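# Understanding the architecture of this molecule
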Amino acid sequence: MSNVSVVIPALNEEEPIAGVVRECWATKIPDEVIVVDNGSDDRTADRARAAGAHVVKAPRGYGRACAAGVRAVSPESDIIVFLDGDGSDCPEFMPQLVNPIAAGKFDFVIGSRTRGQREPGSMNFQQIFSGRLAGWLMSILYGVRYTDMCPFRAIRRDVLEKFSMKEETYGWNLEMQMKAARAGLQILEVPVNHRCRTGGISKVSGTLRGTFVAGARIIATFLRFALKPQTNTD
Ligand SMILES: Nc1nc2c(ncn2[C@@H]2O[C@H](COP(=O)(O)OP(=O)(O)OP(=O)(O)O)[C@@H](O)[C@H]2O)c(=O)[nH]1
Ligand SMILES: [Mg+2]
């Protein structure tokens, strides 16, 4: 039996967060659900706690939030699942992500929203295109097949800790995919469905500034790790 921790970065997600936490528990897979409150000035933390999450705090930045969540997982944890706190990922797909790792067949299982069913409007053109482009570049560099930079993913805790993750903002997801690929891990991509956020306000894809900042960081991340491919610890 594997011990599974769920890590959910959340910044001002008081509307959707309780539903996300409850849907995670409903799968009966996690042993703990950790919500990383990323400096919210609304009731995100209270609502997450009321739904049964362990809440930890972190300074702003998507990657900082994910890293704080990883530091907070229990010592028994074997598998860490990440998903967003806005209700757009579908936690009912958690078995497809976790079971292949629990069975010892894979180290890293990532969802693909572009291969799953997407609610109209849940992903914009830039998100679909950047995920495909990054996947294509990584296939050339490492011979892996990724079709998305989906935030919904599961990874063995021990391998993630060896990655010594550096990206503090929107590069976190891509850094993990690149390090998994160049480490030669057993990687599986599975289709997952995707919805429009179930409340609250978009901080990234819904705004021009968010799209630009995230896009620039993703390109910088790609160059940072593609040009320095020797080890996973830098
Ligand atoms: N933008 C941003 N999001 C954060 C941060 N910390 C945690 N998050 C969470 O990261 C997830 C992704 O952000 P979203 O605002 O949903 O961005 P998005 O998915 O591009 O935009 P949507 O179209 O609204 O889904 C959400 O769960 C946020 O609450 C942060 O510092 N900045
Ligand atoms: Mg979102």
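First, a word on what this report is: a plain description of the structure on this page.

About the criteria used
- Residues numbered from 1 in each chain as written.
- Chains lettered and ligands numbered in written order.
- Predicted model: local features only at pLDDT ≥ 70, side-chain atom pairs only at ≥ 80, totals over all residues.
- Heavy atoms only, no water.
- Helix = DSSP H or I, 4+ residues; strand = E, 2+ residues; numbered from the N terminus.
- Buried < 20%, exposed > 50% of the residue type's maximum accessible area, 1.4 Å probe, protein only.
- Contact = heavy atoms within 4.5 Å.
- Lys, Arg positive; Asp, Glu negative; His and termini not counted.
- Charge placed at Lys NZ, Arg CZ, Asp CG, Glu CD.
- Pairing = 2+ DSSP bridges.
- Axes fitted to C-alpha atoms, helices over the stretch in contact; angles between N-to-C directions.
- 1 Å grid on protein atoms, 1.4 Å probe; cavity = no way out; pocket = protein on both sides within 12 Å on 5 of 7 lines; lining within 4 Å.
- Points joined across faces, edges and corners; volume = space filled by probe spheres on them.
- Nonpolar A, V, L, I, M, F, W, Y, C, P; charged D, E, K, R; others polar.
- Disulfide = S-S within 2.5 Å.
- Near = heavy atom within 4 Å.
- Polar contact = N/O pair within 3.5 Å; in protein donor to acceptor, adjacent residues only side chain to side chain.
- Areas by Shrake-Rupley, 256 points an atom, 1.4 Å probe, with all protein chains shown as cover.

## Section: the overall build of the protein
Summing up its helical and strand segments, the protein has 8 helices and 7 strands in all. C-alpha extents for the protein along the principal axes are approximately 45 × 45 × 35 Å. Counting over 234 residues, the protein shows a buried share of 53%. Considering only intrachain contacts with a sequence separation of at least 6, the fraction spanning at least 24 residues in the protein is 76%. One finds the centroid of the 29 positive side-chain charges in the protein at a distance of 4 Å from the centroid of its 26 negative side-chain charges.

## Quick notes on the environment of V98
Position of V98 relative to the elements: it lies in helix α4 (residues 94-102). On the basis of relative accessibility, which here comes to 3%, the residue V98 falls in the buried class. Separated by 56 residues in the primary sequence, V98 and A154 place their C-alpha atoms 6.2 Å from one another. Excluding anything up to four places from it in sequence, V98 contacts V4, I29, I79, V81 and A154.

## With respect to the sheet that holds strand β7 (residues 187-191)
With respect to topology, 7 strands assemble into an open sheet ordered β3-β2-β1-β4-β6-β5-β7, the strand pairing being mixed. If you trace the sheet from one side to the other, it starts and ends with β3 (54-57) and β7, each paired once. Strand-to-strand, the axes of this sheet are offset by a mean angle of 20°, without reference to chain direction. Sheet topology places strand β5 (residues 108-112) next to strand β6 (residues 153-156); 3 bridges connect them, and they run antiparallel.

## Looking at the side chain of S88
By the element assignment, S88 lies in the loop between β4 (79-82) and α4. Judged by its relative accessible area of 5%, S88 is buried. The contact partners of S88, leaving out residues within four places of it in the chain, are N193, H194, R195, C196 and R197.

## Describing the layout of surface pockets
The space that makes up the second largest pocket amounts to roughly 160 Å³. Along its surface, the second largest pocket is lined by A67, V70, R71, L160, E161, S164, M165 and W172. Only α3 (62-72) and α6 (157-163) provide two or more residues apiece to the lining of the second largest pocket. By residue number, the principal contributor to the lining of the second largest pocket is α3, which donates 3 residues. Residue composition of the lining of the second largest pocket, grouped by class: 5 nonpolar, 1 polar and 2 charged.

## What about the state of the cysteines?
Throughout the structure, instances matching the rule amount to 0 disulfides. Here C24 stays free of any disulfide, with the sulfur of C90 as its closest cysteine sulfur at 11 Å. Judged by relative accessible area, C24 falls into the buried class, the value being 0%. C66 takes part in no disulfide bond, and the closest cysteine sulfur, belonging to C150, lies 12 Å away. We classify C66 as buried; its relative accessible area is 1%.

## Remarks on the site of ligand 1
Around ligand 1 sit 18 residues, and of these N38, D86, Y170, R197 and S205 come closest. Within the backbone of P9, a nitrogen or oxygen atom sits 3.1 Å from an oxygen atom of ligand 1. In the model, an oxygen atom of ligand 1 is placed 3.1 Å from a nitrogen or oxygen of the S202 side chain. Look at ligand 1: alone it shows 620 Å² of surface, and the protein chains cover 91% of it.

The values are spatial; any link to function lies outside them.
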